[in-house]
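Given next are the chains, with one letter for each unit.
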Amino acid sequence: MSKRKGTSVSENPNKRSRSVNESENAADSDQEDPILSNVRLPLSDAGIVESITLKNFMCHSLLGPFTFGSNVNFVVGNNGSKCGKSAVLTALIVALGGNAQATNRGSSLRGFVKEGESSADVSITLRNKGRDAYKPEVYGSAIILDLRITREGLRTYKLRSKSGQLISTKKEELVSILDNFNIQVNNPVSVLTQEMSKYFLHSKGEGDKYKFFMKATQLEQMREDFIYIKTTKHLTEDKVEQHSECLKDLKRKYLEKEDRYRSLASLDEMHTKLEELQKQMAWALEKLQVDEAEKKYKQVQEQLERITQQVQELQPKCAELKTEAQKRNNLLKSSEVRVECKANLRDLEKDKTQLMSRIKDLKLSISQKTGAESKARAERIEQIQTELENLKHQISTLGQQIDQYHHAIKQEVLQRSIEANRRNLQTMESSRSNRLRRFGEQMPALLNAIQEAHRRGQFKHRPRGPLGYLISLKDPELALAVEVCLKGQLLAFTCDNYEDEKVLQGLMARMFQGGRRPAIITSNFLSQVHDTRKKAVNHPNYPSVLQALEIEDPVVANCLIDQKGIESILLIKNRTEARRVMQSKSPPANCIHAFSKDGDQIFTNRSYAAEQTRANYLSGDVEEEIRYMSDLELENQKAQATRFQQQMRKLDDDVKQNEGLLRRAHQDQKTIKEDLSKTDQEVIKCKHHKKHYDEKRSAHLHSIQTLEGNLKSKEKEYEMSVAKAKEICLERVESRRSARTLDSEISRLKLKITSQKEQQGDREEIVRQYHEALESYKNMTQQMKNLNSFIKSLDSVMSHRLQAYAELRRFLSARCKYYFDSMLAQRGYSGSMIFDHKNETLSISVQPGQGNKADLSDMRSLSGGERSFSTVCFVLSLWAITEAPFRCLDEFDVYMDMVNRRISMDMMLKVAASQRYRQFIFLTPQNMSSLPESKIIRILRLKDPDRGQRNTQRGEDGDQ
């Protein structure tokens, strides 16, 4: 743990930056002390100790669990019990990675296992909230650390999440968590035990206080790191000196091997000359064979040229014959195509006959349809139903015939159109006597069923609907606009409660089997219409939808106001005027949008045209609607008949076109017969000529193949000779000497090379030794270069870091002095703190009361209480310049009298109140009953341990 990377104000400016900023402000201003201020800061979020439990630890079978507060905690117990309150602090140090010596309670971990037990367990819960949380997605809001110490002194960890799930058992994970929270149990500022306090703080030596300051600020760790780096540098320099001596020896060996390697140059020259002679010898032998082959080749070439000349003379005639034969073949193929046309002509004649009969049938059907339309126009409205049925039958018959032969008319679309018009017409006729039928054939029966159910008491309040039936228009011209505005709400019902809604849904299920049911709106029934004066639109010239309707029932009016906001929708008959009003710079207040009498919807920045052209539910004149539907149906039937006539005219044009094609086909047939006769004669003649020239051509080809075979055999012999020569030398070498002269010179040179090798030794061994010596020399040179570069870089880095180290030490010393003076001033003391970094001493002088600076005396001359108070001030000043999530002090007030204890306690509580994001744990044998009541203070009282029995905890805090 001593090598863990520390966190100082200069190395990690982002981590726990709140106290760092406070310290910097304190250094810059003499008027504001952030440590002593009462500024409320956020609660601690990460790294504080929430609870701790001990099992078979030291002399306790079970101790805890102790639940700590997030700010100030006092662990109170009597002195003299070997394993009392200090067992909690010892377990905290050991569980968070500290060694046994750091606790001053034993030299080995196995000493913490209770006598007679095989292991001891410690469980600590650390808070894991806020921006400094460690892997919150894995551990959650808390990290549970379980430590087990065996009788053999082995230590094992289990890291669990908030829910108890095991996350890791590795020590590296614990180290990462401690580094993240900046927990340093070996740092006396974080955890100050009695022995550490006696050794550093109550020691009379100035060097001990300086060591305490260095250890608390982690400057000691930085200095040790610098010493380690300096030692590494000296070792590297020694290694460079050793390599320098080795480099001289390698250079000498390399030069010796280089001399022997160069002596091989003359031998290489003889080998090169030998290879050159062997190449000349190989190509000299090849030249003899080439000369002989060339003579034979000339003879064969002359004979081949004569035959080639004859072939070239016959080539034009052969090409002409091929062209002529190609033409005859094309004529033959075209004749075969024309013959096939005869069969196609017969099929066309059959198709013509069938088309003529179909045209007659279609003309007859059209005349019948036209007669039916004339009768339909003459008959009265009461006979419309009969006429529609007849037209439906006729149109179905015509559609089947035309779909089979031309696929031009779709019967299903026509049937749907007629059926829809028929249903609308029937609805209009039935609504003459009952307006309710406009809203559906089942509506009268549904309303009767609702009345009957209400009479029997099945409804708490009678449902209203359909809503369109319960409203009327003041101006009939606005029927289409209101109908487009309300849309599906015209058919909807409204209920007072969900029980009535269920009853109404059951009635609708019986009445609308397999069809679409009206919507049901559930809302409390009120006896009065909503007050819409604040939200309604009021225009002097145009009414709103609410103003344009006559609604007797307040329930219906409230439903439309809630569902459609009819009080905020204007009705403007003229479309142009509606756009001018709505899309001006100042549209009417509280107006959502407007509708024209044609159903167009106009917003302040856009408008939409209506798809509906007539009102279906709110129009007043039923007879006019019936006449409109009848005329619309007759116009549709007339348009269908017109399309039939256009199709028939198109069929007539197709028949005429096919007749013209048939006449042209007869004429082409006669011409084809004559051409076929001539073509047959020409084909016979061409075949005779082709046979003659093919026989002549075959004879010439046979002669050419024989000559080519002879040529290939000679080429193979030549290639073999060249291949043998290339095995010795790839490129041709010209030589004026004969093969016999070259052979004698080669023999003489071989004898000379053999004699030279016997004198010098193995050539490959000499070359290998030379390259090995060269490689070793280069590697050693590069290593020396890298080491020198490393030493140079290390000097530069160390110079910069030592300068930063000195600056940081000076800065921390100045801040410590400032906070020490501020703490002493709380009691009216004055003092000084002198750092001697060269001799590594820290001299602290204190003057009780307001005296002269010259009267400052050493702490050794103070009383025990005054010296303890000064020590507390020193500790608090170190707290102000260091970072840790929690602070632990063991019996900090043991040497104080009541006055100094009270002042020191008030001072520490004041510091704790100003640093609510840190946790403070104080172990004391004193009774803390005199402490003020506060929500930030928790007191844990421990009874004297009873061997083998569980200790009890009594928590006192403001939250309880």
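Everything numeric in this text was worked out from a predicted model, so none of it was measured.

## Here's the deal with the overall build of the protein
Next, step 1: The secondary structure content of the protein amounts to 22 helices and 23 strands.
Next, step 2: With 960 residues in all, the protein has 42% of them scored as buried.
Next, step 3: Pairs at least 24 residues apart make up 72% of the contacts formed inside the protein by residues separated by at least 6 positions.
Next, step 4: Accessible surface, the protein as shown: approximately 54,900 Å² in total, 48% of it carbon and sulfur.

## Observations regarding a negative patch on the surface
Next, step 1: Together, D238, E241, E245 and D249 line one region of the surface with negative charge.
Next, step 2: In this structure, E241 sits in helix α8 (residues 219-262).
Next, step 3: A relative accessible area of 54% means that E241 is categorised as exposed.

## With respect to unusual backbone geometry
Next, step 1: For the peptide bond that leads from G64 to P65, omega is 0 degrees, which places it in the cis range.
Next, step 2: Looking at the secondary structure, you find P65 in strand β2 (residues 60-67).
Next, step 3: Omega for the bond connecting G465 with P466 falls within 30 degrees of zero, at -10 degrees, which places this linkage in the cis form.
Next, step 4: As for its placement among the helices and strands, P466 is situated in the loop between α12 (443-455) and β9 (471-473).
Next, step 5: Unlike most non-glycine residues, Q218 shows phi in positive territory, near 65 degrees.
Next, step 6: With respect to the helices and strands, Q218 occurs in the loop between α7 (206-216) and α8.
Next, step 7: Even without being glycine, N590 reaches a positive phi, approximately 65 degrees.
Next, step 8: By secondary structure assignment, the location of N590 is in the loop between α17 (575-582) and β14 (593-595).

## Quick notes on the sheet that holds strand β4 (residues 119-128)
Each strand in a sheet pairs with another by means of backbone hydrogen bonds, the pair being arranged parallel or else antiparallel.
Next, step 1: The antiparallel open sheet is built from 6 strands, whose spatial order is β2-β1-β4-β5-β6-β7. Only two strands of the sheet have a single neighbouring strand rather than two, namely β2 and β7 (166-168). The average angle at which neighbouring strand axes cross in this sheet is 25 degrees, direction not considered.
Next, step 2: Note that strand β6 (residues 155-160) and β7 share 2 bridges and pair antiparallel. In the strand pairing of β7, L159 is matched with S168.
Next, step 3: Helix α2 (residues 86-95) rests against β1 (46-57), β2, β4, β5 (142-150) and β6 of the sheet, and its axis sits at about 110 degrees to β1.
Next, step 4: Those strands touched by helix α5 (residues 171-181) are β1, β4, β5, β6 and β7, and its axis lies near 65 degrees from that of β6.

## As for the sheet that holds strand β13 (residues 569-571)
Next, step 1: Strand order in this open sheet of 4 strands is β13-β14-β15-β16, and the pairing throughout is mixed. Since the sheet does not close on itself, it has two edges, and those belong to β13 and β16 (607-608), each with one partner.
Next, step 2: Relative to β16, strand β15 (residues 601-602) is paired through 2 bridges, and the arrangement is antiparallel. Among the inter-strand pairings, Q601 is bridged to a residue of β16, identified as Y608.

## Observations concerning the packing of α8 against helix α20 (residues 763-825)
Next, step 1: Contact geometry for α8 and α20: axes closest at 8 Å, N-to-C directions at 160 degrees. Compared by their axis directions, α8 and α20 come out roughly antiparallel. Considering only the axes of α8 and α20, their crossing is left-handed.
Next, step 2: Across the contact of α8 with α20, the residue classes tally to 27 nonpolar, 8 polar and 10 charged.

## Brief notes about the pattern of salt bridges
Next, step 1: On inspection of all chains with the given rule, the structure shows 22 salt bridges.
Next, step 2: For D531, the salt bridge is made with R533, and the minimal N-O distance between the two is 2.9 Å. Residues D531 and R533 agree in their burial class; the two are exposed.
Next, step 3: We note a salt bridge from R768 to E772, for which the minimum N-O separation is 2.6 Å. Here E772 and R768 lie together in helix α20, a separation of 4 residues that amounts to about one turn.
Next, step 4: The class of R768 is partly exposed, set by a relative accessible area of 38%.
Next, step 5: Counted as one network, the salt bridges with shared partners bring together E220, R223 and E840.

## Here's the deal with the pairing of β4
Next, step 1: Among the 10 residues of β4, 9 are classified as buried, and the element is accordingly described as predominantly covered.
Next, step 2: Strand direction decides the pairing type here: β1 and β4, joined by 7 bridges, are antiparallel. Pairing of K55 across the sheet is with D121, part of β4.
Next, step 3: The pairing of β4 with β5 spans 9 bridges and is classified as antiparallel. From the neighbouring strand, A120 faces β5, where its bridge partner is I149.

## Examining the nonpolar core
Side chains of nonpolar character tend, in soluble globular proteins, to be buried together.
Next, step 1: F74, F213, F874 and L878 are the most contacted members of the largest nonpolar core, which has 55 residues in total.
Next, step 2: The element best represented in this core is α20, accounting for 11 residues.
Next, step 3: Counting 48 residues, the second largest nonpolar core, distinct from the first, contains I93, V122, L178 and C888.

## Things to note about the confidence of the model for the protein
Next, step 1: Mean pLDDT over the protein works out to 76, with 72% of the residues at or above the 70 mark.
Next, step 2: The least confident element of the protein, judged by mean pLDDT, is helix α1 (residues 17-28) at 35; the most confident is strand β10 (residues 493-495) at 95.
Next, step 3: Here residues 1-44 is modelled with pLDDT under 50, and outside its nearest four sequence neighbours on either side it reaches 97 contacts, counting other chains as well.
Next, step 4: In this model residues 947-960 is a low-confidence stretch, pLDDT under 50, and it forms 40 contacts with partners more than four residues away in sequence or in other chains.

## Observations regarding the packing of aromatic side chains
Next, step 1: Under the definition given, this model contains 16 aromatic pairs.
Next, step 2: A ring pair is formed by F226 and Y805, whose centres lie 5.5 Å apart and whose planes are at 90 degrees; its orientation type is edge-to-face. Of the two residues, F226 sits in helix α8 while Y805 sits in helix α20, which places them 579 residues apart along the sequence.
Next, step 3: Given a relative accessible area of 11%, F226 falls into the buried group.
Next, step 4: Of the residues examined, Y805 reaches a relative accessible area of 6% and is grouped as buried.
Next, step 5: Measuring from centroid to centroid gives 5.7 Å for Y254 and Y777, while their planes differ by 0 degrees, and the two rings are stacked. Residue Y254 is found in helix α8, and its partner Y777 is found in helix α20; the two are separated by 523 residues along the sequence.
Next, step 6: One aromatic cluster in this structure is built from F74, W879, F920 and F922.
Next, step 7: A cation sits over an aromatic face here: R606 above F603, 4.3 Å from the ring centre.

## Examining α5
Next, step 1: Of all the positions in α5, only E173, L174, I177, L178 and F181 are classed as buried. Considered in projection along α5, the buried side chains sweep an arc of 135 degrees and stay on one side of the axis.
Next, step 2: Within two residues after α5, N182 carries a phi angle of roughly 60 degrees, on the positive side.

## Regarding the pairing of strand β22 (residues 937-942)
Next, step 1: Along β22, 6 of the 6 residues are buried, which leaves the element largely enclosed by surrounding structure.
Next, step 2: Side chains I937, I939 and R941 project from β22 onto one buried face, and the interleaved R938, L940 and L942 project onto a second face that is buried too.
Next, step 3: Taken together, the 5 bridges between strand β3 (residues 72-76) and β22 define a ladder with parallel strand orientation. Across the sheet, F74 pairs through a bridge with I939, a residue of β22.

## Re the packing of α7 against α8
Next, step 1: The geometry of α7 relative to α8 is characterised by a closest axis approach of 5 Å and an angle of 85 degrees between their N-to-C directions. Regarding the angle of α7 to α8, the classification is roughly perpendicular. Residues F213, M214 and K215 of α7 form the contact with α8, whose participating residues are L219, E220 and R223.
Next, step 2: The residue inventory of the contact of α7 with α8, partitioned by class, reads 3 nonpolar, no polar and 3 charged.

## Observations concerning the environment of N187
Next, step 1: Looking at where N187 falls in the secondary structure, it is placed in the loop between α5 and β8 (191-192).
Next, step 2: In sequence terms N187 and A884 are 697 residues apart; their C-alpha atoms lie 9.7 Å from each other.
Next, step 3: Contacts of N187, omitting those with residues within four sequence positions, involve K215, A216 and Q218.
Next, step 4: Of note is the side chain of N187, whose polar atom sits 3.0 Å from the side chain of Q184.

Parameters and conventions
Residues numbered from 1 in each chain as written. Predicted model: local features only at pLDDT ≥ 70, side-chain atom pairs only at ≥ 80, totals over all residues. Heavy atoms only, no water. Helix = DSSP H or I, 4+ residues; strand = E, 2+ residues; numbered from the N terminus. Buried < 20%, exposed > 50% of the residue type's maximum accessible area, 1.4 Å probe, protein only. Contact = heavy atoms within 4.5 Å. Areas by Shrake-Rupley, 256 points an atom, 1.4 Å probe, with all protein chains shown as cover. Patch = residues over 30% accessible without salt bridge, like charges linked within 9 Å, V, L, I, M, F, W, Y side chains within 5 Å. Salt bridge = Lys/Arg side-chain N within 4 Å of Asp/Glu carboxyl O. Lys, Arg positive; Asp, Glu negative; His and termini not counted. Charge placed at Lys NZ, Arg CZ, Asp CG, Glu CD. Pairing = 2+ DSSP bridges. Axes fitted to C-alpha atoms, helices over the stretch in contact; angles between N-to-C directions. Parallel < 35°, antiparallel > 145°, perpendicular 65-115°, else oblique. Left-handed = near helix turned anticlockwise from the far one by under 90°. Nonpolar A, V, L, I, M, F, W, Y, C, P; charged D, E, K, R; others polar. Core = buried A, V, L, I, M, F, W, Y, C linked by side-chain atoms within 4.5 Å. pLDDT = per-residue confidence, 0-100. Phe/Tyr/Trp six-rings, centres within 6.5 Å; stacked < 30°, edge-to-face > 60°. Lys NZ or Arg CZ within 6 Å of the ring centre and 35° of its normal. Arc of directions from axis to C-beta. Polar contact = N/O pair within 3.5 Å; in protein donor to acceptor, adjacent residues only side chain to side chain.

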